[in-house]
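Listed below, chain by chain, are the residues.
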Amino acid sequence: MQPLPINTLFAQLNIRCAEDADLIAMEGDGEYSHFRRLFADTYQQAELGLAKIWVAELDHTGLIGQLMVSLKGNRPELADGKTRAYVFGFRVRPAYRNLGIGGMIMQTVENDLWQNGYQFVTLNVARTNHAARRFYERSGYFVVGDEPGNWSYLDQYGQRHDVHEPAWRMEKRIS
């Protein structure tokens, strides 16, 4: 399949808040089905006004990107519900990377946060994910500290998975 020209691609791209019907598509043909409960839990938090899920949809293709935002969580240094929000679960399908789509998603999210009174966006990037760190640095984020990267999730079968993924904490002041 021949890739679309960039202008055509951008004209067919829609970045929007996720709907309930998007949750299965966020699993990426099963690649991320182990995060099914995380997606559903975040969607429930979004319905309560504590989070947002953004998706990038391409006409005749479906979802090609996604990003979740915690607006208020149990760690106020990440997301305090007023001035600080936390980005996580950001991905663009490999075939659509390095085309500017990730930047468009991030800009859309930052604009929405700024319009809603947020001043800072925080995120963690795995220390081994050098390409993502470069992307965030080009987008104006800078390292503000270390993060041990210990977290857990329940997979689609209810099994708990403990993850150890040392990360860099990054932050950006939005305006």
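Residues numbered from 1 in each chain as written. Predicted model: local features only at pLDDT ≥ 70, side-chain atom pairs only at ≥ 80, totals over all residues. Heavy atoms only, no water.

*Asks:* Would you mind showing me how to read helix 2 (residues 36-47) here?
*Replies:* One turn of an α-helix holds 3.6 residues; hence residues three or four places apart share an orientation. In this model helix 2 runs 17 Å from its N-terminal to its C-terminal C-alpha over twelve residues, within 8% of the 16 Å that 1.5 Å per residue would give. Of all the positions in helix 2, only F39, T42 and Y43 are classed as buried. Relative to the axis of helix 2, the buried residues are bounded by an arc of 105° and lie together on one face. Those residues of helix 2 that are buried lie in contact with strand 2 (51-58), strand 3 (62-70) and strand 4 (84-92). Two residues or fewer past helix 2, G49 is found with a positive phi of approximately 80°. (Helix = DSSP H or I, 4+ residues; strand = E, 2+ residues; numbered from the N terminus. Expected span 1.5 Å × (residues − 1). Buried < 20%, exposed > 50% of the residue type's maximum accessible area, 1.4 Å probe, protein only. Arc of directions from axis to C-beta. Contact = heavy atoms within 4.5 Å.)

*Asks:* Is there a simple way to explain the pattern of salt bridges in this structure?
*Replies:* When the charged atoms of two side chains lie near each other, side chains of opposite charge can form a pair. Under the defined criterion, the tally for this structure stands at twelve salt bridges. One salt-bridge network, held together by shared partners, links R75, E77, E147 and R169. (Salt bridge = Lys/Arg side-chain N within 4 Å of Asp/Glu carboxyl O.)

*Asks:* Whenever I open this one, the side chain of D155 confuses me. Can you help?
*Replies:* Take D155: it is sitting in the loop between strand 7 (150-154) and strand 8 (160-164). No salt bridge forms around the buried D155; measuring N to O, its nearest opposite-charge neighbour R37 is 5.8 Å away. Excluding residues that lie within four positions of it along the chain, D155 makes contacts with H34, R37 and H161. (Lys, Arg positive; Asp, Glu negative; His and termini not counted.)

*Asks:* Before we go on, may I ask you to explain the packing of aromatic side chains in this structure?
*Replies:* The geometry of two aromatic rings is summed up by the distance between their centres and the angle between their planes. If you walk through the whole model with that rule in mind, you get nine aromatic pairs. Ring geometry for F90 and Y136: centres 6.4 Å apart, planes at 45°, overall tilted. Placement of F90 in strand 4 and of Y136 in helix 4 (residues 130-138) is noted, with a sequence separation of 46 residues between them. According to the relative accessible area criterion, F90 is buried, its value standing at 19%. On the basis of relative accessible area, Y136 is assigned to the buried category, the value being 8%. (Phe/Tyr/Trp six-rings, centres within 6.5 Å; stacked < 30°, edge-to-face > 60°.)

*Asks:* I keep staring at unusual backbone geometry and nothing clicks. Help me out?
*Replies:* Backbone geometry follows two general trends: most residues other than glycine have a negative phi, and most peptide bonds adopt the trans configuration. Unlike most non-glycine residues, D29 shows phi in positive territory, near 55°. Along the chain, D29 falls in the loop between strand 1 (13-17) and helix 2. Within the chain, H60 stands out as a residue other than glycine whose phi angle is a positive 65°. The residue H60 is located in the loop between strand 2 and strand 3 in this model. By relative accessible area, H60 is classed as exposed at 83%.

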